[in-house]
Amino acid sequence: MAVTIYHNPRCSKSRQTLELLEARGLEPEVVDYLKTPPDAAAIERILTLLGLEPRALMRIKETAYRDNHLDDPGLTRQQLIDALVRHPQLLERPVVVANGKAAIGRPPENVLEIL
């Protein structure tokens, strides 16, 4: 089974989720999204799989969220996706994609539902 984790090694929840996947015998493709940010198409795919709008995938307490006025209700879906591309630190983490589904690993056990 192909499993991808959008991972931040400095995040405890992200590390716990990766450990959980590995404990299940999985060898996920690990995407360090701060070093290799997903493009707009990848973010759109993740949002579709999650059934979420862009703000639901954003870490709204991050400085980049405030500094870029991303709380502006007039921003379009595409503008918010573009902001996630430009500021990958805004991406909620970790995100796991498997079996044509996606889950946010908060808590890490959430990802078990898509395996």
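As a reminder, the structure under discussion sits directly above these lines.
Model, not experiment: these values are computed from the prediction.

(A) Looking closely at the overall build of the protein chain. Looking only at helices and strands, one finds four helices and four strands in the protein chain. The linear arrangement of helices and strands in the protein chain, starting from the amino end, is β-α-β-α-α-α-β-β. Its C-alpha atoms give the protein chain a radius of gyration of 14 Å, near enough to 13 Å, the size a compact globule of 115 residues would have. For the protein chain, the C-alpha atoms occupy an extent of roughly 45 × 25 × 25 Å along the three principal directions. Split into buried and exposed, the 115 residues of the protein chain put 44% on the buried side. Of the roughly 6,300 Å² that the protein chain leaves accessible, carbon and sulfur atoms contribute 49%. Positive and negative charge centroids in the protein chain, built from 15 and 16 side chains respectively, lie 4 Å apart.

(B) Seen up close, the sheet that holds strand E1 (residues 3-7). The strand order across the open sheet formed by four strands is E2-E1-E3-E4, and the pairing between neighbours is mixed. At either margin of the open sheet sits one strand with a lone partner, and together these are strand E2 (29-32) and strand E4 (101-104). Strand-to-strand twist across the sheet, computed as the mean angle between neighbouring axes with direction ignored, equals 20 degrees. Inspection of the sheet shows E1 paired to strand E3 (residues 95-98) by four bridges, in the antiparallel sense. Within E3, the position partnered with Ile 5 by the bridge is Val 96. The strands touched by helix H1 (residues 12-23) are E1, E2 and E3; relative to E1, the strand with the most contacts, the crossing angle is about 160 degrees. In the packing of helix H2 (residues 40-50) onto the sheet, contacts are made with E1, E3 and E4, and the angle to E4 comes to roughly 90 degrees.

What counts, and at which threshold
Residues numbered from 1 in each chain as written. Predicted model: local features only at pLDDT ≥ 70, side-chain atom pairs only at ≥ 80, totals over all residues. Heavy atoms only, no water. Helix = DSSP H or I, 4+ residues; strand = E, 2+ residues; numbered from the N terminus. Rg over C-alpha atoms; globule rule 2.2 N^0.38 Å. Buried < 20%, exposed > 50% of the residue type's maximum accessible area, 1.4 Å probe, protein only. Areas by Shrake-Rupley, 256 points an atom, 1.4 Å probe, with all protein chains shown as cover. Lys, Arg positive; Asp, Glu negative; His and termini not counted. Charge placed at Lys NZ, Arg CZ, Asp CG, Glu CD. Pairing = 2+ DSSP bridges. Axes fitted to C-alpha atoms, helices over the stretch in contact; angles between N-to-C directions. Contact = heavy atoms within 4.5 Å.

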